[in-house]
Amino acid sequence: MDFSALLQQAQKLTHETQVSDDLPRVERTLPQVLQATQELHSRVSQTGAQDMQAHILLGHKGIDLPKISQKLETLSSRKTFEPLDPISTTDIQSFLRNEKENAILSVIEEVHKNSYQAAQNQKWEHTMNDWKLEKVKLMNALIGPSQNWIDIRKGPEQTILNESTFGGRSSLNNQEMAYAREVYEYNKLVNEGAMRPSLVQRFAQVAESFNDSKVNDIWEIMKYMTNVTPSPRTQDPLRARCTQAQFIEQAKRYLENRYKLFMQTVISEHLRDAQRGGIPSVLNLVGSFVGLKFANQNNSTFIGLQDGHVEGKPLWPMVYYCLRCGDINSALKCMQMAGPGHDDFIAILEEKCRKPGQKINPKLELQIRMQYKRQIRNAIDPYKRAVYCIIGCCDIQEQHPEVAKSSDDFLWIQLSLIRPESDENSEHLTYSALQAMILEQYGEKHFNANDQPHLYYQVLALTGQFEAGIEFLARFDKYRAHAVHIALAMSELHMIGGPRNLQEPLLSVDIEDPQPMRRLNIARLIMLYVKKFEITDPAEALQYFFFLRNLRDTEGRNLFLVCVSDLAIECRDFDLLFGKMQRDGIRSRGLIDQFESSHIDAKMACEMIAEEFVKKGMFEDAIKLFDLAGNHEQALRYTSILLSQVVHQPSKAGSLRERLQRMALEFTERYAGAEKNCDPQTWSTFSLLKELVIFFDHYHNRNYQPALEVLERIKLVPLKMADLEACVHNFKRLGGEVCKVIPDLLLATMDIAYNKYKVLKGKDDLNELKLKQLNYLREQAKALTNMAATVPYRMPGDTNNRLVQTEILMH
């Protein structure tokens, strides 16, 4: 390529460079370019690869890193935020300046520390509240205890009740409403001090109207199991239950009477074949039933039946079914009619007839056991083996499947084998062993409990395990209402074992209780049940909460009041629950007042709820409840706190300011004639803020003269220099709520003065009177500016600047 072509390309490149406005024109000779390259290389080699990359990165964005580094090196926070070094005491000015700066720094540090601590406390409080909610959900989902965990596979997760119904319709179905009416009637009698009826009987009558045989059977069992001698209120229900043989006898009596009804039903369906006749008695009933049962069998050749017949019926089936009906006398008659050869057995039956419910002569029982071991154990007659085991408590491991065809039969045999006092010379079955067999050894799976919940509950209830039975029944929507009311009825009879701590799960184990007893958290059960309808039916919810009046939460508060508090926070219908304050200062009656005869203090409930609202920052609701509680001090205090935040704002329909203004006027009207139980300073602060509401209303409506009249009356800001000293003196006695409003008050007053100044200044005919008015307004502006600079209060933002600027405009 020749030099002419190279010259043309160079000129072309030069021309293109000149056209571009993005890059500055570079005019350097080759030596200058070489020198710049060497300087760049030396700097890069000194700073290193990382600094070079930083230079390239920031330089690409137009940032000069070396200059920034120099500026950063010159900065030092030591002089700003660290305590100053002490100086010589002879330098008074430096000493005072040092002390002032140290005081400012210490205040800044203290505020920083307090702010950090407050933020930490709020964070942990929020975290703990969230955890408590999660913990409640977890506790409700578990049936295990906090001390000894139950096998979680034995119970599904606790069902959470539906909370989606918040409309005007009741969330209670027909059955729940029927129970709720009975609860109301019962609580009414309690509050009136009348004799309390049996809730079990009343609820059982209600259940009859449901036309559900399974539910009727459940309540029938409860009537039997609660018909025992009541234990003292000072005694633990679980320990009393384990030591009382009445529960065993009542369970047996229920099973025996139920079997007699079964026999009568079978006979009534086959009257022709039963050949019922003679004097009605258990013996004739059993004879007819046995005759039907073995009608198709040839008695002489029937395999397994031994020792002859009684009136043409097999002996041992007759004896067994007499015992199964609970009639030992009829069983004794059968044995006596059977002839000789059964002397020992007849003797022990006679002993049982003479001493019902008492311990039998050990020698007689020992003889029966010896006969069983030698002869009866291997007998082919299943009824004979079963009768010997029942009477003599022999072979407690034998299940007697040929005789016990149902759960009722099996349970009755097991209950008959129980001996309260152990015999050292023989095996025996205890009440707790039977309970453990039903609950832990067999459990829900054996009884097919999910498909037959009523059956498993009956087995648990008949073995005295009411707590486990109620908890199990409450898992099913169909039976939850019945389970809750069973718990209420038994709790009123002091027959339910509760946990030591109300934070326990629904069903728990206490390590000090006899195995396998459980404890039922009835408070949690009621609250879970009420959760479904507490919003739509608060009156019914209160009736159920009333059953918790004798319980205390972890903080020692009455649990009834705690539940009412939570309900009020949830539904927020304070007028319905607690009544409404009338203009004469008398509170109208609310739902809670129906319990006043039971020492339930409505004012205490209102104050408790108000304090909860304060913790949540819901001051407006807290004010209303403090007023209902008659706590004027707190009502006025929090009214002042809220007013100080909105008093300077324009009034709008439905705003917080308008609501507070209406509330303040109502308080003034009601508290004026009554004796105020509040501090004079609190009332003074409230009164000043109420006056400031009137001032700012006039100010925003441009009614300047009435606004200035309010200022003349309250003497908070000077309207002339002569008032400055008095206003500054008054400021030192003001409450913090009023002090917060002073900056806005000064600005509003200055704005009024400036607007009046502009109106006067704009007029052409300035006479001597108008000049005096202008001077008065200038003096007023000066007084306001001086007060802002004089009072010991830090004005927010640019308040001082705005005041000074306005004053300058008026001169």
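Residues numbered from 1 in each chain as written. Predicted model: local features only at pLDDT ≥ 70, side-chain atom pairs only at ≥ 80, totals over all residues. Heavy atoms only, no water.

**Student:** What is the right way to read the packing of helix α25 (residues 538-545) against helix α26 (residues 559-571) from this model?
**Tutor:** The relative placement of two packed helices comes down to the angle between their axes together with the axis-to-axis distance. Put simply, α25 and α26 touch, their axes get as near as 9 Å, and they point 160° apart. For the element pair α25 / α26, the angle class is roughly antiparallel. With respect to the hand of their crossing, α25 and α26 are arranged in right-handed fashion. Of the residues in α26, those touching α25 at P538, A541, L542 and F545 are F560, C563, V564 and L567. Taken together, the residues of the contact of α25 with α26 sort by class into 8 nonpolar, no polar and no charged. (Axes fitted to C-alpha atoms, helices over the stretch in contact; angles between N-to-C directions. Helix = DSSP H or I, 4+ residues; strand = E, 2+ residues; numbered from the N terminus. Parallel < 35°, antiparallel > 145°, perpendicular 65-115°, else oblique. Left-handed = near helix turned anticlockwise from the far one by under 90°. Contact = heavy atoms within 4.5 Å. Nonpolar A, V, L, I, M, F, W, Y, C, P; charged D, E, K, R; others polar.)

**Student:** I'm lost on the confidence of the model for the protein in this one. Help?
**Tutor:** One rule of thumb: low pLDDT means the predicted coordinates there are not for detailed reading. For the protein, mean pLDDT is 83; residues scoring 70 or higher make up 84% of the total. In this model, residues 77-84 is a region of pLDDT below 50 whose contacts with residues beyond four sequence positions or in other chains number 10 contacts. In the model, residues 298-302 has pLDDT below 50 throughout and makes 5 contacts with residues more than four positions away in sequence or in other chains. (pLDDT = per-residue confidence, 0-100.)

**Student:** It is not clear to me how the pattern of salt bridges should be interpreted in this structure. Could you clarify?
**Tutor:** Any two side chains of opposite charge can pair if their charged atoms end up close together. With the rule as written, the count across this model stands at 38 salt bridges. When the shortest N-O distance is used, the salt bridge between E492 and R196 registers 3.4 Å. Of this pair, E492 sits in helix α23 (residues 480-492) while R196 sits in the loop between α7 (174-192) and α8 (199-208), and the two are 296 residues apart along the sequence. Taking relative accessible area as the criterion, E492 reaches 14% and is therefore assigned buried. Ionic pairing is found between D408 and R258, a salt bridge with its closest N-O pair at 2.9 Å. With a gap of 150 residues between them, D408 in helix α19 (residues 407-416) and R258 in helix α11 (residues 246-269) connect regions that are remote in the sequence. With a relative accessible area of 28%, R258 lands in the partly exposed category. (Salt bridge = Lys/Arg side-chain N within 4 Å of Asp/Glu carboxyl O. Buried < 20%, exposed > 50% of the residue type's maximum accessible area, 1.4 Å probe, protein only.)

**Student:** How should I be thinking about the packing of α7 against α8 in this particular structure?
**Tutor:** At a minimum axis separation of 10 Å, α7 and α8 run at an interaxial angle of 150°. Between α7 and α8, the angle falls in the class roughly antiparallel. Like other packed secondary-structure pairs, α7 and α8 cross with a definite hand, here right-handed. Counting all contacts with α7, which are made through A178, Y179, E182, V183, E185, Y186 and L189, the residues of α8 involved are L199, R202, F203, V206 and A207. By residue class, the composition of the contact of α7 with α8 is 9 nonpolar, no polar and 3 charged.

**Student:** Teacher, can you tell me more about helix α33 (residues 704-714) here?
**Tutor:** Every buried residue of α33 is accounted for by Y704, A707, L708, V710, L711 and I714. Angularly, the buried residues of α33 cover 150° about the axis, an arc narrow enough to put them on a single face. (Arc of directions from axis to C-beta.)

**Student:** Just checking my understanding: could you explain the side chain of D627 for this structure?
**Tutor:** Checked against the element boundaries, D627 lands in helix α29 (residues 619-628). Apart from the residues within four sequence positions on either side, D627 is in contact with M581, A635, F667, R670 and Y671.

**Student:** Honestly, the environment of R637 in this entry has me stumped. Any pointers?
**Tutor:** Relative to the elements of secondary structure, R637 occurs in helix α30 (residues 632-646). With relative accessibility at 37%, the residue R637 sits in the partly exposed group. Expressed as a C-alpha distance, the spacing of R637 and T685, which sit 48 residues apart in the sequence, is 8.4 Å. For R637, the side chain forms a polar contact with the side chain of Y638, separated by 3.5 Å. (Polar contact = N/O pair within 3.5 Å; in protein donor to acceptor, adjacent residues only side chain to side chain.)

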